[in-house]
Amino acid sequence: MKYAVEIEKLNVYINGFHALKDVDLRVPQGSIFAVMGPSGSGKTTLLKVINRLIDLVPGARVEGSVRVLGVDALRADPYELRKKVGMMFQIPNPFPHMTVYENVAVSAKLNGAVGSRRELDQVVKWALETAMLWEEVKHRLDRYPSELSGGQRQRLCLARALAMRPELLLLDEPTANIDPVNARKLEEAIASLKGELTIIMVTHLPRQALRVADYVAIIYDGKIVEYGSSQEVFVRPSHTVTQLFLKGEV
Amino acid sequence: MSAPVGEMLSEKDKIFYFSLLPPALTTLGLLALIVSTIGAKAALVLPQALTILAANVWDPENERYGLLAPVLGTLVVASIAGAVSLALGLPLTLAVAELLRGRLGSVLQTLLEMASAFPTVVIGLWSARYLAPFLSENVMKPLYSSFGFIPTFSCRPLGGYSLLTAGLAIGFSVVPYTASIMIESYRLIPSTYREACYGIGATRYETARILVSLARPAIAGSVLLGVARAMGETTIAAMTVGNAMNISACLFEPSYTVPALIAAQFGNANLYRYAEPVLYLAALVVLALALALSAVGFKLVSGWRVRIVG
Amino acid sequence: MASWAVRKLEDRLFVVAVVLGSALALAPLAHALAVTLYNGLSTMARAGLGFFVNPPPTPYSASLGGVAPALVGSLLLLALALPPSAFLGLLLAVFTNEFPGSRAAALVEVGARAFTSVPTVILSMVAYSLLVVPTRSYSALAGAFALTAASLPYSYTAFSSALRMVPEMYREAAYSIGMSRWTTVWRVLVPIARRGIASGVLMTLTRILGETAALLFAVGALRYVVPLNPLGPVDALPLLIFDYALSPYKLFHEVAWGAAALLLIISLALFALSKVVVKGVRL
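Calculation criteria
Residues numbered from 1 in each chain as written. Chains lettered and ligands numbered in written order. Predicted model: local features only at pLDDT ≥ 70, side-chain atom pairs only at ≥ 80, totals over all residues. Helix = DSSP H or I, 4+ residues; strand = E, 2+ residues; numbered from the N terminus. Rg over C-alpha atoms; globule rule 2.2 N^0.38 Å. Buried ≥ 20, exposed ≤ 12 C-beta atoms within 10 Å, placed from the backbone. Contact = placed C-beta atoms within 7 Å. Pairing = 2+ DSSP bridges. Nonpolar A, V, L, I, M, F, W, Y, C, P; charged D, E, K, R; others polar. Axes fitted to C-alpha atoms, helices over the stretch in contact; angles between N-to-C directions. Parallel < 35°, antiparallel > 145°, perpendicular 65-115°, else oblique. Left-handed = near helix turned anticlockwise from the far one by under 90°. Domains from an automatic or database assignment.

What to know about the overall build of chain A
Phase 1: Along the backbone of chain A there are 10 helices and 10 strands.
Phase 2: Relative to the globule expectation of 18 Å for 250 residues, the C-alpha radius of gyration of chain A, 18 Å, shows essentially globular dimensions.
Phase 3: Among the 250 residues that make up chain A, the fraction classed as buried is 50%.
Phase 4: Within chain A, contacts between residues at least 6 apart in sequence are counted, and of these 66% link residues at least 24 apart.

Here it is as structure tokens:
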């Protein structure tokens, strides 16, 4: 089995606070991997280590081994690394000064050898279709994100991430701030990507992980307390924390 | 295997950093250049600096110079301006940030910002043509005739050009600046303090008294920053101070400030041997004072802001 | 505590004091505005359109003439000083925004603050000794040097605060699609901050146009000829106002009022523009 991400003995300190403790994780390529846990447990920090956005956190110190897409992520050039790893954030952040079209196009142009305007149009269309947003914006491509709803903005962010043809996609609680209808659409879009790329999704909704993920890791207080295929973890949870978490008590 | 990331810069970041370093260093270099040029040009007379600062004479033909009058004048004018900016800035702050906090308050604040966009030379023109005669007729002459025995009022005004007029005029021009810093600081006071005051039934006056006393370091700092700015003010001073080497306790007579002296005398200074260096010395003194006061003022304001929010 | 009646009275007096104090604070400037516009506009009305194209009068001439040389001079100085001030200010703001923890950034911050405390007449003295004396000529270039130094700390501060207001999430978004730092700055951060930056440019413009002391010993006051040579002497509106106000001639005083009104109107118009420009930020 090939792994998109291999993490060994990862320890992260933020201004002295021990945010991630001895994390070991292997994410199989092409799978959808959910990371779950209560707020403050270190889920977002874990994602940020993978694409080196941890560099933006003041006072952060990282120790351990992190291999992403076959490369030593901690030693690589973060800008090159990020060209292969896409990310969606909890709060949708499409570029407010660019139109819907430009938001997706800028990503495509940065990362692909996109030639003519027609090819660019096709990539933009593909990305918006895969993000299940095309039908809603196909006549509004020159409008600005401020004119879209929260759920649409989040799907725009997905399209923007997809336009760079990433090998790995990181999702940080992507449905946390949008309404249920849009959340479902987003989940469908994510599920449809299975196999084409690897997805690591942070969520605090157990049902969402069940619906969408192949593998699950439960993280609590900076430590991975359980991980395996979603069947194993949800049907036969071994750790107390997992049980409590699944019951909604943590 | 460990890698301290976080604040660590990757290779590309380092290139970016070093590519922006030249402009940053150039700017700092410019500042250093300015200070060192002044210092170097004053070097010729630095050995006699204290003598010059203690003397009151301006006789370039005979190469006799004294900076006591302008230096004292600068201090007096800046103090008057500071007092004005405190006396008028505080009511403005309370009006904008305490009493009128809604729409009317922001209109007032916009007016204040507009006032800071006033070119000082226009204020100088107005001061010379209107403020000086007004003060002369309505303030100085009456005070001179009725209270002339008090040293401060003991001279006959000459058209109103004096330290008092200069101080007031510069004070009026500096009020918007001082008030804006006070307002910004006052707004940082957590609303819980205000709520606590009203909660125990305090009147607006009593609440304001408490909040103002809380903000005392910031207010003091703002006034110091205003005084530092007032020290360097040239055009208004040159148009209202009367340009006379004169030291007296009376505020109604013409006198000098250092910037006004420079404005008046620097143009001809190259005709004489020591005139320029002496003027550079004067500039150095004012520069040092202004920098020192600004530093203290800034420390007071920013230190207080950190404490009040934390 | 005093009786309620006394406290109420104190409260009322307090409000009166605040209102009076505020009025007293703004009244002089309001008066100055009114008087300048009144005197200046009547000068301009009497001089007609010639005010903008004619040279100034001699002390005893019959007509009011105009301020064309000073007006053109001011615009020339603006063209020479605004670009360096704005570009340098922007580069510095980008620098301190990208590397806020670095020692160089801290120095730049302190330096900018120190710069604002330097009396602008000193900048003129420095321009004189560094540029005018060696080249044996007053010049617009020397004036522009002094003006750039005078306005730089303000342009830096305005741009720096505009950039700092851009939410960090857009930087994260830009990095997440593989943008380099350089591209992120110029294609995401600066465009998002463009309103604040435009407002900063307008404020810098206002400052440059109104600055008098920095020009006193640098530009030479070429009063009667419209300047075409940046290497030669030049006049400027604030300089003309300053000189004419200090002169003994009534005619000069009238021209000074006209120029003052012109300068004031331009400054206030730029101020209004900068307020309008900032209004439409929609993040």
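Having seen the structure, we can now continue with the description.
Section: the pairing of strand S6 (residues 85-88) of chain A
Residue and element names in this part refer to chain A.
Phase 1: Side chains Val85 and Met87 project from S6 onto one buried face, and the interleaved Gly86 and Met88 project onto a second face that is buried too.
Phase 2: In terms of strand pairing, S6 meets strand S7 (residues 168-172) through 4 bridges, oriented parallel. From the neighbouring strand, Val85 faces S7, where its bridge partner is Leu168.

Points about the interface of chain A and chain C
Phase 1: Between chain A and chain C, the residue contacts involve 21 residues of the former and 15 residues of the latter.
Phase 2: Those elements giving two or more residues to the side of chain A that touches chain C turn out to be helix H2 (78-82), S6, helix H3 (100-111) and helix H6 (150-162) of chain A.
Phase 3: Of all the elements, H3 of chain A adds the most residues to the side of chain A that touches chain C, at 3 residues.
Phase 4: In terms of residue class, the side of chain A that touches chain C is built from 11 nonpolar, 7 polar and 3 charged.

Remarks on the packing of helix H3 (residues 68-99) of chain B against helix H9 (residues 216-232) of chain B
Residue and element names in this part refer to chain B.
Phase 1: For the pair H3 and H9, interaxial distance at closest approach is 8 Å and the crossing angle is 140 degrees. Here H9 runs oblique to H3, going by the angle between their axes. When you trace H3 past H9, the crossing you get is right-handed. Across the interface between the two elements, Thr74, Val77, Ala78, Ala81, Gly82, Ser85 and Leu86 from H3 touch Val223, Gly226, Val227, Ala230 and Met231 from H9.
Phase 2: Split into classes, the residues belonging to the contact of H3 with H9 amount to 8 nonpolar, 4 polar and no charged.

Things to note about the domain arrangement of chain A
All names here are of chain A.
Phase 1: Segmentation of chain A into domains returns domain 1 (1-84 + 168-250) and domain 2 (92-165).
Phase 2: Using only C-alpha atoms to locate each centre, domain 1 and domain 2 end up separated by 25 Å.
Phase 3: With 12 residues of domain 1 at the interface, the matching set in domain 2 holds 11 residues.
Phase 4: Per-element accounting of the side of domain 1 that touches domain 2 gives the leading share, 6 residues, to helix H7 (residues 180-192).
Phase 5: Of the residues in the side of domain 1 that touches domain 2, the class split is 5 nonpolar, 3 polar and 4 charged.

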